[in-house]
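# Close look at the chain arrangement
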Amino acid sequence: MPNLYMDMMSQPSRACYILCKKHGLPVDVHMIRLDKAEHRKPAYLQINPLGKVPFLVDGELHLPESVAIMAYLADKYNLPDAWHPSSSGSSSSSGELAAAQQRRAVYEAAVQWLQLTVRFGCTRLLFHSVIGERRAGPFG
């Protein structure tokens, strides 16, 4: 059974958790409290040397990154294509296979854009407008 290491304060962790709960996936969830620096403790660093959440362990597979975790679980448990489109197509015709591969490529492009552009920008905005202001005050 896969083990998911996560913290509810982490949006990517919550995305993995929602996927698992929505589909009743047989995953053991382990809370790693970021606010208590549990992700930096030796016990967790032995499991995940990156010290990040979410992190999935399934047998010999050690997988970081929420997008990769959700794609793996969607493929492993054959979830609907809305979660992660299959690139194999429903039949062996080359036209259907090409269409399935194109759907998967468009999905991957959208997910990468979201991770690298939107999420990064929102994180910077949150830090500068909320966290930074609390640390230094409104005038720095």
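This is a predicted model, so every value here is computed, not measured. (Residues numbered from 1 in each chain as written. Predicted model: local features only at pLDDT ≥ 70, side-chain atom pairs only at ≥ 80, totals over all residues. Heavy atoms only, no water.)

## Points about the nonpolar core
Heads up, the condition is: As used in this record, nonpolar core signifies buried Ala, Val, Leu, Ile, Met, Phe, Trp, Tyr and Cys residues forming a set joined through side-chain atoms within 4.5 Å. Residue burial is assigned from relative accessible area. The probe radius is 1.4 Å, only protein chains are included, and a residue is buried under 20% of its type maximum, exposed over 50%, and partly exposed in between. Only DSSP runs of H or I reaching four residues or more are called helices, and only runs of E reaching two or more are called strands; each is numbered from the N terminus. Only heavy atoms enter the contact rule, under which two residues are in contact if any of them lie within 4.5 Å.
Ranked by internal contacts, the top residues of the largest apolar core, which has 14 residues, are Leu4, Leu25, Ile69 and Leu73. At the level of elements, strand 1 (3-6), helix 1 (11-22) and helix 3 (66-76) are the ones that each hand at least two residues to this core. In terms of residues, this core owes the most to one element, helix 3, which gives four residues. Apart from the residues lying within four places of it in its own chain, the contact partners of leucine 25 are Leu19, Cys20, Leu73, Tyr77 and Leu79. Tyr5, Tyr44, Val53 and Phe55 belong to the second-largest nonpolar core, a separate cluster that totals six residues.

## Section: the sheet that holds strand 2 (residues 28-31)
To keep it simple, the criterion reads: Strands were regarded as paired on the criterion that DSSP finds at least two bridges between them. To get an axis, a line is fitted to the C-alpha atoms, and for a helix only the part in contact is used. The angle between two axes follows their N-to-C directions and goes from 0 to 180 degrees.
Read from one edge of the open sheet, four strands run 2-1-3-4, paired in mixed fashion. The sheet terminates laterally at strand 2 and strand 4 (61-64), the two strands that pair on one side only. Averaged over neighbouring strand pairs, the angle between their axes works out to 20° when direction is ignored. When strand 3 (residues 55-58) meets strand 4, the two strands line up antiparallel, connected through four bridges. Looking at the pairing, valine 57 lines up with histidine 62 of strand 4. Along the sheet, helix 1 makes contact with strand 1 and strand 2, crossing strand 1 at roughly 145°. In the packing of helix 3 onto the sheet, the strands contacted are strand 1, strand 3 and strand 4, and the crossing angle to strand 4 comes to about 130°.

## Thoughts on the pattern of salt bridges
Close approach of charged atoms allows side chains with opposite charge to pair. Rules: A pairing counts as a salt bridge when a side-chain nitrogen of Lys or Arg comes within 4 Å of a carboxyl oxygen of Asp or Glu.
What the rule picks out here adds up to two salt bridges. In this structure, aspartate 35 engages arginine 33 in a salt bridge whose closest nitrogen and oxygen atoms are separated by 2.7 Å. For aspartate 35, a relative accessible area of 47% corresponds to the partly exposed category. Arginine 33 gets classed as partly exposed once you look at its relative accessible area, which sits at 33%. Its salt-bridge partner being lysine 76, residue aspartate 58 comes within 2.6 Å of it at the nearest N-O pair. Highlighted residues: aspartate 58 in strand 3 and lysine 76 in helix 3, separated in sequence by 18 residues. The class for aspartate 58 is buried, based on a relative accessible area of 13%.

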